[in-house]
Amino acid sequence: MFDLNKFRHWVFDLDGTLTRPVHDFAHMRRELGIPEGEMILETIEQAPEPRKQQLLQRLDELEGHYARQAQPAEGVQDLIIRLHRAGCKLGILTRNKKDFAISSLQAIGVAEYFHADEVLGRDEARPKPDPEGLQKLCQRWQVVGDGLVMVGDFRFDLEAGKAIDAQTVHVSAAGAVEWPELTDVRIHSLAELL
């Protein structure tokens, strides 16, 4: 485990990382007519107009539904407050829309610790695993990638982090040892980082 005090710049995935997992991706794919195993955003991006806009509108409805159900992950409030008090910069990088991310942060009681300009959704940066969002935060904070920690629960979070040489923390509630080549630290819950 690395020393928390060494790192001053932290970026978190949202769903399944700061919040308990509530998204039912199988249901979302059925609602959107996307085959199992295909990535939702990438499939929608390839759809012809006007179908693409219809799918995006339905995706917004589904994500809004899940954002309203957001519940804090174990240890999230204590961790975020501790990092904030230590003077750390805190960011969010999500494949969701920014508005829904902010709604989720409000629902779990930590929105006040994140500057709105440091909450990046799919409209502010290309979706993970593309590292563009992390690069934008590094530029804003004037830090290089290896001074950043990327915390997430999925391969895309870790791939984005590794693309800029960030430290990666994989939150694996089930304890699954997935993507070891992309993971610097594996934890079961955010409480472990404390």
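Residues numbered from 1 in each chain as written. Predicted model: local features only at pLDDT ≥ 70, side-chain atom pairs only at ≥ 80, totals over all residues. Heavy atoms only, no water.

Draft legend 1. Broad picture of the pattern of salt bridges. Scanning the entire structure with this criterion turns up 16 salt bridges. In this structure, Glu61 and Arg58 form a salt bridge, with 2.9 Å as the shortest nitrogen-oxygen distance. In this pair, Glu61 and Arg58 are both assigned in helix α3 (residues 51-68), three residues apart and thus about one turn of the helix distant. Given the relative accessible area of 40%, Glu61 is considered partly exposed. One salt bridge in this structure joins Lys97 and Asp60, with 3.4 Å as the shortest N-O distance. Of this pair, Lys97 sits in the loop between β2 (89-93) and α5 (98-107) while Asp60 is found in helix α3, placing the two residues 37 residues apart along the sequence. Judged by relative accessible area, which is 22%, Asp60 ranks as partly exposed. Three or more residues are tied together by salt bridges with common partners; here these are Asp60, Glu63, Lys97, Arg122 and Asp123. (Salt bridge = Lys/Arg side-chain N within 4 Å of Asp/Glu carboxyl O. Helix = DSSP H or I, 4+ residues; strand = E, 2+ residues; numbered from the N terminus. Buried < 20%, exposed > 50% of the residue type's maximum accessible area, 1.4 Å probe, protein only.)

Draft legend 2. Looking closely at the nonpolar core. Counting residues in hydrophobic clusters, the biggest one holds 28 residues, and the most contacted among them are Trp10, Phe12, Leu18 and Phe114. Within the residue set of this core, elements represented by two or more residues are β1 (9-12), α4 (76-85), β2, α5, β4 (148-152), β5 (167-171) and β6 (185-187). With four residues, α4 is the largest single contributor of residues to this core. Setting aside residues up to four positions removed in sequence, Phe12 forms contacts with Leu18, Leu79, Ile80, Leu83, Leu90, Gly91, Ile92, Leu93, Phe114, Met150 and Val151. (Core = buried A, V, L, I, M, F, W, Y, C linked by side-chain atoms within 4.5 Å. Contact = heavy atoms within 4.5 Å.)

Draft legend 3. Up close: the pairing of β1. Residues His9 and Val11 point to one face of β1 and Trp10 and Phe12 to the other, with burial holding for every one of them. Of the strand pairs in this sheet, β1 and β2 are connected by four bridges, and their pairing is parallel. Bridging across to β2, His9 finds its partner in Lys89. Two elements, β1 and β4, share four bridges in a ladder whose sense is parallel. Paired with His9 across the bridge in β4 is Leu148. (Pairing = 2+ DSSP bridges.)

Draft legend 4. Highlighting the side chain of Thr94. Along the chain, Thr94 falls in the loop between β2 and α5. A distance of 3.0 Å separates a polar side-chain atom of Thr94 from the backbone nitrogen of Asn96. Sequence-distant contacts of Thr94, defined by excluding residues within four places in its chain, comprise Leu14, Asp15, Ala101, Leu120, Gly121, Arg122 and Lys128. (Polar contact = N/O pair within 3.5 Å; in protein donor to acceptor, adjacent residues only side chain to side chain.)

Draft legend 5. Fine view of helix α7 (residues 155-163). Among the residues of α7, those classed as buried are Phe156, Asp157, Leu158, Ala160 and Gly161. Buried residues in α7 make contact with α6 (132-141), β4 and β5. Directly beyond the C-terminal end of α7, a positive phi value near 70° is found at Asp165.

Draft legend 6. Examining the packing of α3 against α5 more closely. At their nearest, the axes of α3 and α5 sit 9 Å apart, and the two run at 10° to each other. The angle between α3 and α5 falls in the class roughly parallel. The segment α3 lies against α5, with Asp60, Glu63, Gly64 and Ala67 engaging Phe100, Ser104 and Ala107. Tallied by class, the residues present in the contact of α3 with α5 amount to three nonpolar, two polar and two charged. (Axes fitted to C-alpha atoms, helices over the stretch in contact; angles between N-to-C directions. Parallel < 35°, antiparallel > 145°, perpendicular 65-115°, else oblique. Nonpolar A, V, L, I, M, F, W, Y, C, P; charged D, E, K, R; others polar.)

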